Amino acid sequence: MSSKVVADVEAAVGGIESGSTILIGGFGSAGLPSELIDALIANGASDLTIVSNNAGNGEQGIAALLQARRVRKILCSFPRQSDSFVFDALYRAGEIELELVPQGTLAERIRAAGAGIGAFYTQTGFGTRLAQGKESRIIDGKGHLLEHPIHADFALIRAELADPLGNLTYRKSARNFGPVMATAARCTIAQVSRVVGIGELDPEAIVTPGIFVRRVVCTRGRRQAGWTESAA
Amino acid sequence: MHARAQAGWVDGERGMTSLGLRRDRSAMAARVARDIPNGSYVNLGIGLPTRIAEHLNPERGVVLHSENGILGMGPPPEPGNADPDLINAGKEPITLMRGGSFFDHALSFSMIRGGHLDICVLGAFQVSIAGDLANWHAGAEDAIPAVGGAMDLAIGARRVFVLTEHLTRAGESKLVEKCTYPLTAAGCVDRIYTDLAVIDVTPEGLVVREIVQGWTLGELCRISRLKLRGNPVEVAP
């Protein structure tokens, strides 16, 4: 049986082409697949559409990807941060397109893509400027907006443990968008802290079943001193 | 005393503070905490609402939710014990209470949008007499927008409280006839807690339930530039 575990991050992001739509997990830096993003920058793909909760901090991660001018459009809920100067400058210069999506609608549009749902109605955003251009409908006396799924070519996520089948567990609030993004891309790539053998993950505790995961890469060594890795 | 208070007000917030006729931020947070029933599931917004947690005795069993996939959020960790994988919606390090749980974003927002949260407490730029809330965009067209989970919380929680100073730094009322800033959601706010009063949003408009000692309903109406009703209880700041 072939393993989904690849040798390094370069192999993990292999085949990501210019023009791709990529989901990137993480909330702030928790759950952000930093090494995969660095590899994506090195890979050279451009004209990307990125879907992530934030638009990067400082000059690392998504901010570095933006700074390298690889991103045409970003969908996110909270681009403005105290240190989002890379995004801010590109946005003000009109050099990046922004689709601002309420956080729950962002998660649900990704979930809808993964679950084969054509579109859904939600109250979030009704009667606001984010409703512009959207179909609306009154359901049970309350205004709703029609929202469409966000399908992606790739998802880059960070998990804690993986097995060769691609089953994943996460760590604390680094889980955030990972499980839902894993379902919504044609090719989901997970960077993990440790790979364990088949059968070593408790089936009751697997959060993302391997059916949703195409490639796994182990990126250990960035942990701060004093951290203890959770056991399988 | 009242005349001096009014003069102080005209001079701006600093004048008010020196007269002590307002609740400080800790007292504002404590006042909201008193209205949260024991055992509630609650989401506290970024900024001042986060400080309500300091006034919730753990014995009351209030369970704090965080958008990024946490129920049972605890206080900040001891210095040196921060875990980058354990943060709140404001991206500050926190801890997990015994019995807490982690889950993904879709499930987290099912809790919010599916009406499972008893209360959320949000900050505000403006609240209208109809309970419309504006709290995500200060109107400037060149501003970098950011909405986060505010729109989801505003429509999803069973009760929406607003916790905010009564006036802006420039002395303008945050209670308004109609919001001029972009809306977060229409008609979503149930109750407003300010440094001067506790105010309910009702079908008949804003009704003042409590007012800080030294203020009259008439004075509150004047600085709010609104017609406020009610027979408020006078309370200590």
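What comes next concerns the included structure. All of these numbers come straight from a predicted model, not from anything done at the bench.

**Points about the pattern of salt bridges**
Reasoning step 1: Considering all chains together, one arrives at 25 salt bridges over all chains under this definition.
Reasoning step 2: For Glu99(A), the salt bridge identified is with Lys73(A), shortest N-O distance 3.1 Å. You can see Glu99(A) sitting in strand S4 (residues 97–100) and its partner Lys73(A) sitting in strand S3 (residues 71–76), a full 26 residues away along the chain.
Reasoning step 3: With its nearest N and O atoms 3.0 Å apart, the salt bridge here joins Arg109(A) to Glu99(A). Taken together, the residues Arg109(A) in helix H5 (residues 103–115) and Glu99(A) in strand S4 connect sequence positions 10 residues apart.
Reasoning step 4: Each of Arg23(B), Arg31(B), Asp35(B), Arg191(B), Asp200(B), Arg209(B) and Glu210(B) takes part in one network of salt bridges that share partners.

**Considering the sheet that holds strand S6 (residues 126–128) of chain B**
Within a sheet, neighbouring strands are paired by backbone hydrogen bonds and run either parallel or antiparallel to one another.
Residues and elements named next belong to chain B.
Reasoning step 1: Pairing in this open sheet of three strands is mixed, and the strands run S7-S6-S9 from one edge to the other. In this open sheet, the two strands that pair with only one neighbour each are strand S7 (133–134) and strand S9 (175–176).
Reasoning step 2: Inspection of the sheet shows S6 paired to S7 by two bridges, in the antiparallel sense. Each residue of the ladder has a partner; that of Val127, found in S7, is Leu133.

**With respect to the environment of Cys218(A)**
All names here are of chain A.
Reasoning step 1: By secondary structure assignment, the location of Cys218 is in strand S13 (residues 215–218).
Reasoning step 2: Sequence separation of Cys218 and Val9 is 209 residues, and the distance between their C-alpha atoms is 8.3 Å.
Reasoning step 3: Residues within four places of Cys218 in sequence aside, it is in contact with Val192, Ser193, Arg194 and Val195.

**Re empty space enclosed by the protein**
Reasoning step 1: Evaluated as defined, the whole model comprises two cavities of 30 Å³ or more.
Reasoning step 2: Roughly 30 Å³ of volume is contained in the second largest cavity.

**What about helix H2 (residues 34–43) of chain A?**
Reasoning step 1: Of all 10 residues that make up H2(A), seven are buried, and the element is covered over most of its length.
Reasoning step 2: Every buried residue belonging to H2(A) is among Ser34(A), Glu35(A), Leu36(A), Ile37(A), Ala39(A), Leu40(A) and Ile41(A), and all of these are buried.

Each value, and the rule that gives it
Residues numbered from 1 in each chain as written. Chains lettered and ligands numbered in written order. Predicted model: local features only at pLDDT ≥ 70, side-chain atom pairs only at ≥ 80, totals over all residues. Heavy atoms only, no water. Salt bridge = Lys/Arg side-chain N within 4 Å of Asp/Glu carboxyl O. Helix = DSSP H or I, 4+ residues; strand = E, 2+ residues; numbered from the N terminus. Pairing = 2+ DSSP bridges. Contact = heavy atoms within 4.5 Å. 1 Å grid on protein atoms, 1.4 Å probe; cavity = no way out; pocket = protein on both sides within 12 Å on 5 of 7 lines; lining within 4 Å. Points joined across faces, edges and corners; volume = space filled by probe spheres on them. Buried < 20%, exposed > 50% of the residue type's maximum accessible area, 1.4 Å probe, protein only.

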